[in-house]
Amino acid sequence: MNDYIIRGTAANDQVRFFAAYTKDVVETARQKHNTSPVATAALGRLLTAGAMMGSMCKNDSDVITLQIQCSGPIGGLTVTADSKANVKGYVNNPDVMLPPSKEGKLDVGKALDLGVLTVIKDIGLKEPYSGQTHLVSGEIAEDLTYYFAASEQIPTSVALGVLMNKDNTVRQAGGFIIQLMPFAEDATIDKLEENLKNVTSVTELLDHGCTPEGLLEALLGNLGIEVLDTLPTQFHCNCSKERVEKAVASVGREDLQAMIDDGEDIEVKCDFCNSTYKYTVDELKEILKESNEEE
């Protein structure tokens, strides 16, 4: 099954939903960053959420960034997605290792511990919109549920899951975001709450062959589902030598001159995908020259 997201409504537009299958997205991230199992689970959950939240954007140029700063050993995570559900991300400490939780699962909550979740939406306004909430559990899905309620005032249920194989590759990954519209009736809310109680684990359902459509059937089947569209999602980084060159130029003329004086080629690594770009001393001289001309 290829990675994809479905979007739609239920209960005569009283509910909107997003459901995703993201096994390849998460496995690609694991390979690019060589993440430990608990880092893979944490990053995979945030990538899955980012892809779905990116697909909520209305304009092609919109970009959403999810950033977690935390006191736990993982150090923090950053994920960026666009409206086409292209998503990329990284963790500050990809090597973090922790014993399993009491339930025998990867302890993402302990890896993050206390911290802050920031959601930045760049939707073409003069300044990006930014909302921030404290982490409530570090489990990411609960933290995003709280973010939607506190920062955007939208009653939301978020579920995210990553299941690993014994060889530490990704076995399953996916999730859903279900939101109540302001005009949702009490009967609809009651039915949805009852349905949510019966879904214990996203990854368990996926591992039994459940698709995103199947997930939604379990959650919203008795409320009348209307799937509006399906879109592919992928781990995609849009870095290039030209883009990274701008970052090199931004270090300032003094630092550029110091690099040139060292007489050594430099390598710059993209945080999001670990691609490396080499700049020769002559290229650094050209970057400095262009910086001087722009002054």
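Residues numbered from 1 in each chain as written. Predicted model: local features only at pLDDT ≥ 70, side-chain atom pairs only at ≥ 80, totals over all residues. Heavy atoms only, no water.

Colleague: Whenever I open this one, the overall build of the chain confuses me. Can you help?
Modeller: Helix and strand content of the chain: ten helices and 13 strands. Taken against the 2.2 N^0.38 rule, which gives 19 Å for 295 residues, the C-alpha radius of gyration of the chain at 21 Å falls within 12% of a compact globule. Across its three principal directions, the C-alpha atoms of the chain cover 70 × 45 × 35 Å. Across the 295 residues of the chain, 50% fall into the buried class. Here the analysis covers contacts within the chain between residues at least 6 apart in sequence; of these, 64% occur between residues at least 24 apart. Of the roughly 14800 Å² of accessible surface on the chain, a fraction of 46% belongs to carbon and sulfur atoms. (Helix = DSSP H or I, 4+ residues; strand = E, 2+ residues; numbered from the N terminus. Rg over C-alpha atoms; globule rule 2.2 N^0.38 Å. Buried < 20%, exposed > 50% of the residue type's maximum accessible area, 1.4 Å probe, protein only. Contact = heavy atoms within 4.5 Å. Areas by Shrake-Rupley, 256 points an atom, 1.4 Å probe, with all protein chains shown as cover.)

Colleague: Looking at this model, I keep getting lost on the side chain of Thr233. Mind explaining?
Modeller: Following the sequence through the fold, Thr233 ends up in the loop between strand E10 (225–232) and strand E11 (234–235). A polar atom in the side chain of Thr233 sits 2.7 Å from the backbone oxygen of Ala85. In contact with Thr233, not counting residues within four places along its chain, are Asp3, Tyr4, Ile5, Tyr21, Thr22, Val25, Ala51, Ala85 and Val87. (Polar contact = N/O pair within 3.5 Å; in protein donor to acceptor, adjacent residues only side chain to side chain.)

Colleague: Sorry if this is basic, but what is going on with the pattern of salt bridges here?
Modeller: Where side chains of opposite charge bring their charged atoms close, a pairing between them can arise. As enumerated under the stated definition, the model contains eight salt bridges in all. Between Arg45 and Glu139 there is a salt bridge, with its nearest N and O atoms 2.9 Å apart. Of this pair, Arg45 sits in helix H2 (residues 37–54) while Glu139 sits in the loop between strand E7 (129–134) and helix H4 (141–151), placing them 94 residues apart in sequence. The class for Arg45 is buried, based on a relative accessible area of 13%. Between Lys197 and Glu194 there is a salt bridge, and its shortest N-O distance comes to 3.6 Å. Pair noted here: Lys197 and Glu194 are both in helix H5 (residues 186–197), with a separation of three residues, about one helical turn. Residue classification places Glu194 among the partly exposed residues on the basis of a relative accessible area of 43%. (Salt bridge = Lys/Arg side-chain N within 4 Å of Asp/Glu carboxyl O.)

Colleague: Can you help me understand unusual backbone geometry in this one?
Modeller: Glycine aside, the phi torsion of most residues is negative, and most peptide linkages are trans. Even without a glycine there, the phi angle at Gln153 is positive, about 55 degrees. When you line up the elements, Gln153 lands in the loop between H4 and strand E8 (156–164). Residue classification places Gln153 among the exposed positions, given a relative accessible area of 58%. Of note in this structure, Asn168 is not a glycine but carries a positive phi near 70 degrees. Note that Asn168 resides in the loop between E8 and strand E9 (170–180).

Colleague: Can you walk me through the layout of surface pockets in this structure?
Modeller: Empty space among the atoms can be located by rolling a probe the size of a water molecule over them. Approximately 1100 Å³ is the volume attributed to the largest pocket. Taken together, 38 residues line the largest pocket, and the ones lying closest to its centre are Arg45, Lys105, Leu106, Glu139 and Thr203. Only H2, H4, E8 and helix H6 (202–207) provide two or more residues apiece to the lining of the largest pocket. Here the element with the most residues in the lining of the largest pocket is E8; it accounts for eight residues. Per-class residue counts for the lining of the largest pocket are 19 nonpolar, ten polar and nine charged. For the second largest pocket, the calculated volume is near 260 Å³. Residue lining of the second largest pocket: 14 residues in total, with Arg16, Met56, Cys57, Lys58 and Lys121 positioned closest to the centre. Broken down by class, the residue content of the lining of the second largest pocket amounts to seven nonpolar, two polar and five charged. (1 Å grid on protein atoms, 1.4 Å probe; cavity = no way out; pocket = protein on both sides within 12 Å on 5 of 7 lines; lining within 4 Å. Points joined across faces, edges and corners; volume = space filled by probe spheres on them. Nonpolar A, V, L, I, M, F, W, Y, C, P; charged D, E, K, R; others polar.)

Colleague: How do you make sense of the packing of helix H1 (residues 23–33) against H2 when you look at a structure like this?
Modeller: Axes are the key here: two packed helices are described by the angle between their axes and the distance separating the axes. As a packed pair, H1 and H2 sit with axes 9 Å apart at the nearest point and diverge in direction by 135 degrees. In this view, H1 runs oblique relative to H2, as classed from their interaxial angle. Judged by the sense of rotation from one axis to the other, the crossing of H1 with H2 is right-handed. Between H1 and H2, the contacting residues are Val25, Val26, Ala29, Arg30 and His33 on the first element and Thr40, Leu43, Gly44, Leu47 and Thr48 on the second. Here the contact of H1 with H2 is composed, by residue class, of five nonpolar, four polar and one charged. (Axes fitted to C-alpha atoms, helices over the stretch in contact; angles between N-to-C directions. Parallel < 35°, antiparallel > 145°, perpendicular 65-115°, else oblique. Left-handed = near helix turned anticlockwise from the far one by under 90°.)

No statement about biological role is implied by the geometric values presented.
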